[in-house]
Amino acid sequence: MLDVEKYAKDTGVCGLHPAVYHLYMADFLEKYKASGLKVRVWTVNKEKDMKKFVCSVCGYVYDEAQGDPDNGVAPGTVFEDIPDSWVCPLCAVGKDEFEPA
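The rules behind the values
Residue numbers here run from 1 along each chain, matching the order of that chain's written sequence. Local features in this predicted model are restricted to residues whose pLDDT is 70 or higher, and side-chain atom pairs enter the listing and the counts only when it is 80 or higher, whereas totals over whole chains, interfaces and linings include all residues. Computation of side-chain values: all heavy atoms of the structure, hydrogens and water removed. The way it works is that DSSP assigns letters per residue, a run of H or I at least four long becomes a helix, a run of E at least two long becomes a strand, and they are numbered from the N terminus. Under the scheme applied here, a residue whose accessible area is under 20% of the maximum for its type counts as buried, over 50% as exposed, and between as partly exposed, the area being computed with a 1.4 Å probe on protein chains only. Contacts between residues were defined by any pair of non-hydrogen atoms, one from each residue, lying within 4.5 Å. The method behind every accessible area is Shrake-Rupley, applied with a 1.4 Å probe, and residues are considered shielded solely by the protein chains displayed. Each nonpolar core is a collection of buried residues, namely Ala, Val, Leu, Ile, Met, Phe, Trp, Tyr and Cys, held together in the definition by side-chain atoms within 4.5 Å.

1. Here we look at the overall build of the chain
Line of reasoning, step 1. A tally of helices and strands in the chain yields two helices and five strands.
Line of reasoning, step 2. Secondary structure elements of the chain, listed N to C terminal, follow the sequence α-β-α-β-β-β-β.
Line of reasoning, step 3. Each of the 101 residues in the chain was classed as buried or not, and the buried ones make up 34%.
Line of reasoning, step 4. When contacts within the chain are restricted to residue pairs at least 6 apart in sequence, those whose partners lie at least 24 apart make up 54%.
Line of reasoning, step 5. About 6,400 Å² of surface is accessible on the chain, with carbon and sulfur atoms providing 54% of the total.

Pasting the structure below:
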């Protein structure tokens, strides 16, 4: 599971999925914006518009509807909004190795 505190400190960016953003907005903004970190809110796509992307190296399929919760990407997160630091959970290549399914 992604350690959000460590990720924020290491990268200078902390992201919150909109589903939890509103629940923690005041604390989140106070804690992270005050420290100079960038605040990012992921776009949630409507289920009918959800797409899939395939890793050209190992064949792993990223499904926007399912996300990759084990690696800090919430369900409903569109591929374009996944942080550039995210890698394929199976073979560890970057987002640039994925193609639309």
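2. Observations concerning unusual backbone geometry
Line of reasoning, step 1. Positive phi, close to 65 degrees, is recorded for Ala92, a residue that is not glycine.
Line of reasoning, step 2. Along the chain, Ala92 turns up in the loop between strand S4 (61–63) and strand S5 (98–100).
Line of reasoning, step 3. Taking the relative accessible area as the measure of exposure, Ala92 reaches 52% and is therefore exposed.

3. Description of the nonpolar core
Line of reasoning, step 1. Counting residues in hydrophobic clusters, the biggest one holds 11 residues: Phe53, Cys55, Tyr60, Tyr62, Val73, Phe79, Ile82, Trp86, Cys88, Val93 and Phe98.
Line of reasoning, step 2. If sequence neighbours within four positions are ignored, Tyr62 has contacts with Lys51, Lys52, Phe53, Gly67, Asp68, Val73, Thr77, Phe79, Ile82, Trp86 and Phe98.

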